[in-house]
Amino acid sequence: MTIATPAPTAVSHARLANAVRFLAADAVQKANSGHPGMPMGMADVATVLFTQFLKFDPFEPKWADRDRFVLSAGHGSMLLYALLHLTGYEDFSIDELKNFRQMGSRAAGHPEYGHGGGIETTTGPLGQGIATAVGMALGERLMNARFTDAAVDHYTYVICGDGCLMEGISQEAISLAGHLKLGKLIVMWDDNGISIDGKIELASTEDQIARFEAAGWDACRVDGHDPEAIAAAIAAARLSDTPSLIACRTVIGKGAPNMAGSHKVHGAPLGDAEIAAAREACDWNYPPFEIPEDVRDAWRLVGSKGGALRMAWEARMSFLDAAKAEEFDRLGENLMPRGWKAAINAHKKALSEAKPKVATRKASQDVINVLAKEIPELIGGSADLTGSNLTKAETQAPVKPGDFSGSYIHYGIREHGMAAAMNGLALHGGMIPYGGTFLVFTDYLRPAMRLAALMGVRVVYVMTHDSIGLGEDGPTHQPIEHLASMRAMPNVLVMRPADAVETAECWAAALEQENRPSVLALSRQNLPTLRVAHTDENLCAKGGYVIAEAPAERQATLIATGSEVALAVEAAKALNAEGIATAVVSLPCWELFDAQPAAYRKAVLGETGTRVAIEAAIGFGWERYVGLEGGIVAMPGFGASAPAEKLFEHYGFTVENVVATVKAKLV
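Numbering of residues begins from 1 in every chain and follows the order in which that chain's sequence is written. Owing to the predicted nature of the model, reporting of local features is limited to residues with pLDDT of at least 70; listing and counting of side-chain atom pairs is limited to 80 or more, with chain, interface and lining totals taken over all residues. Note: side-chain values were computed over all heavy atoms of the structure, leaving out hydrogens and water.

Asks: Tell me what's going on with the pattern of salt bridges, and back it up with residues and numbers.
Replies: One speaks of a salt bridge when a side-chain nitrogen belonging to Lys or Arg is within 4 Å of a carboxyl oxygen belonging to Asp or Glu. For the structure shown, the criterion picks out 28 salt bridges. Arg279 is the partner of Asp26 in a salt bridge, and the nearest nitrogen-oxygen pair spans 2.7 Å. Placement of Asp26 in helix H1 (residues 13-31) and of Arg279 in helix H10 (residues 272-281) is noted, with a sequence separation of 253 residues between them. Owing to a relative accessible area of 5%, Asp26 belongs among the buried residues under this scheme. Accessibility expressed as a relative area gives 11% for Arg279, which makes it buried. Going along the chain from the N terminus, every DSSP run of H or I of four or more residues is numbered as a helix, and every run of E of two or more is numbered as a strand. Accessibility here uses a 1.4 Å probe with only protein chains present; expressed as a share of the type maximum, an area under 20% marks a residue as buried, one over 50% as exposed, and anything in between as partly exposed.

Asks: Outline the packing of aromatic side chains, listing residues and values.
Replies: Ring geometry is summarised as follows: Phe, Tyr and Trp rings, the Trp one being its six-membered ring, pair when their centres sit within 6.5 Å, and such pairs are stacked at plane angles under 30 degrees, edge-to-face over 60 and tilted between the two. In this structure the tally under the stated criterion is 21 aromatic pairs. Ring geometry for Phe56 against Tyr89: centres 6.1 Å apart, planes inclined by 10°, an arrangement best described as stacked. A residue pair is termed long-range when its members are at least 10 positions apart, and Phe56 in the loop between helix H2 (37-52) and strand E1 (68-71) and Tyr89 in the loop between helix H3 (77-87) and helix H4 (94-98) qualify at 33 residues. Phe56 sits in the buried class, given a relative accessible area of 4%. A residue is classified by how much of its surface remains accessible, and Tyr89, at 9% relative accessible area, is buried. Centre to centre, the rings of Phe593 and Tyr625 are 6.1 Å apart; their planes meet at 65°, and the pair counts as edge-to-face. Taken as a pair, Phe593 in helix H21 (residues 590-594) and Tyr625 in helix H23 (residues 623-626) lie far apart in primary sequence, 32 residues in all. A ring has a charge above it when a Lys NZ or an Arg CZ is no more than 6 Å from the ring centre and no more than 35 degrees off the ring normal. The ring of Tyr155 has Lys184 sitting right over it, with the charged end atom 4.5 Å from the ring centre.

Asks: Lay out the sheet that holds strand E10 (residues 408-410) in plain terms, naming residues and giving numbers.
Replies: In this analysis, strands are considered paired if DSSP registers two or more bridges between them. With parallel pairing, the six strands of this open sheet are ordered in space as E10-E9-E11-E12-E14-E13. Each edge of the open sheet is held by one strand with a lone partner, namely E10 and strand E13 (493-495). With strand direction ignored, the average angle separating the axes of adjacent strands in the sheet is 20°. Bridge count for strand E9 (residues 378-382) against E10 is three bridges, and the pairing is parallel. Its bridge partner lying in E10, Ser382 is registered against His410. By the convention used here, residues are in contact when the closest approach between their heavy atoms is within 4.5 Å. Lines fitted to C-alpha atoms define the axes here, with helix axes fitted over just the stretch in contact, and angles between the N-to-C directions of these axes take values from 0 to 180 degrees. Those strands touched by helix H16 (residues 415-428) are E9, E10, strand E11 (432-438) and strand E12 (460-464), and its axis lies near 170° from that of E11. Contacting E9, E11, E12, E13 and strand E14 (518-522), helix H19 (residues 500-511) crosses the sheet at an angle of about 165° to E14.

Asks: Please set out the state of the cysteines residue by residue, giving values where relevant.
Replies: Disulfides are defined as cysteine sulfur pairs within 2.5 Å. For the coordinates displayed, the defined rule picks out zero disulfides. Counting only cysteine sulfurs, Cys248 is the nearest neighbor of Cys220, a cysteine outside any disulfide, at a range of 7.8 Å. Residue Cys220 is classed as partly exposed on the basis of its relative accessible area of 29%. With a relative accessible area of 0%, Cys248 lands in the buried category.

Next up, the structure:
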C-alpha cells in the first residue's frame, strides 16, 4: 500500500490548482464549447488527489498496479486533460489541449477510452463512470485474491457530480459496491448544488450522505476548497474496509468572480471578460495556455514519482511464484490460455455424436462448464436469474463480501449496474466477464452495452428467453424488436445459435473478439441438434453458412436464425419433396457474415431462385438478405401469453406457412 505524500512545498496548492482551472477555462474558451464550471470547482480536490495520493506513472500508463481514476462527470473532461498534461502524459501535449473538442483531437468533448493514456474509461452518460468504477474496484479485489498484495494492491478513485447520483444506475452501483464491501473504492462527489436548470433543490432534496450510509458506505462531508480537509478525508477513506463517499462542497466555476456558483458556468465558455477577471482575482497573470515554469516543474515532479513506485512493484513481482508470474504476464498481454479451443472442439464432437435436444441456454451452460476449467479469467454472473439463464459453471464459486476467491457474481436485480460493472472488469484487465438476464431486459442495460461497443471491450451478454418461445410470461417478457435494435448498434456481435453445436461455436467466436462485445441470444425451449457431422472449423465464426444444400439448382433459399433454423430445415424437406429445390442457410450472426468476402456471401445466399427469411422477431432489416422480392416470416408486432407451441402456430411459424410463403414468391 502506498503512503500519501505531501504536495510539493516550493509551490503553493493554490497555484497548482489554478494551473488546472485556467487550462480548463482557456481550452473551453478557445473551442467555444465545453463545461468549465466543474473543472474549476473541483480543481482543488483533484490537485490533492493527484499530488498526494494517486499512484500512477505517466511513462507507463498501462502499469497493471496503478490506481484507477474515473471522471464520472465526463462533461468536465478538461479537468482530466489538464491533469494528464501537467503530470507528463505524452498523449496530452499543450497542442492537444488547444485543439479541445476538435476533429482528431485526443481531447474529445467527453473522455474516450483509447484516445490516450490516463483515460481509464469512456464517460459522459451520467452515472456510467461510477458504475464502471465499481467493476474496476471489484476487478482489483478479484485479481488480488489470485495474485496477492505483491502484484495487485491499488485503489479506484471517482469524481462524480449530482447528475451521476441522480441517474438510476448509480443506485444499482452503490448498492452492489456496499454489499461487496469494496473498501478500495473512493468516490469524491462534486457537491456544488447546481444543475443545468439551476439549483439542485429544483429536482432533488435527498440526503446523499444517508443514502450512501444506508448502502453500507462510509460517508463524510468536507469543504472542497480546503486542501487539508480533503487530504484528511481521502486518507481516512483509504483505511476503511467499506467503500467511501467524500461529499466535497464546492463552488462551481470557482475563481470566476461574476459567474461562480451559477448554472451559467456549467456548460458554456466564460467569455473573454470573465476569464480576464478570473485571472486577476486568482492572481494568475499569464496568457492562455501558459503555465509558469515553477508550477510546471512542480506538476512534472508529481508525475515523476510514479516511476519509483512502479519499479518497486516490479521488484516485488520478481519474487512472485514463477507460475503465478507467468499467468499474470499472460493476462497482461491479453492472451488466451492454451488448450481452450481443443476443449471446445472436443465438446462439439461429443454433441454431434450425442445429438441432444436441449435449449440453447442449457447448451450454453454446458459450454461454460467446459470453458471455466480452461479459462481461469472467465468471470460469470447473472442479474438474479442464475437458474433461468444457466450462467453458473459447476466449478465456479460465488464472490462474497470480503471473499473474492470465487469467479461468479450474483449481481442481484441490477441489469444496468451489472453491464457497467462488466465493462469495469474488462477495462481493469485480467478478466473476461459475462453476465446473464432475459433478452427483453437488454432494454435495462443498453446504455452500458453501447459504451462497451464504443470502447471496444470484450464482454459477453448471455441473453436467454430469446423469443415468443418463452411462452406464457407473455408480451412483457417476449423480445420482439430487441435483436434488430442490437444489430443496429455498431461494433456489437449479435449471435443467435440454432442448436448446441452452434452455441459452442458462438461462445468461441465471442471469446475471440478482443475489441467488441457479443450478445448470445438463447432459447428457453428445447431445440434439436442439426449439426450432426463434426468439423473443427467454426462455421458460426463466418456468421452464416449452408446447413442444408438443395438437391439441384436452387429455386428457394430459406434463411433463419436460432430456433427457426430447425423449422426451416423441416420446411425445406417439404419443399424438396414437392420438387422445389430448397437450401437452408443458418445465419446466427449478421455482423460476422457481412464481414465475409462477397463471393462467399453470394455462394451461401444463392444466386438463383427466391429467398425467404424466418425469425421469431420483428422482420426489420431482413430485406438486406432476401431483397425486395423475397419473403419474410416474422412477428407482426408484440406477442401474447400462451404456451410456446400455440404462439408459434398462431404467428405463422409453421412448415405450412413457410412453404406457402415460398410458393407465393415463386409465382
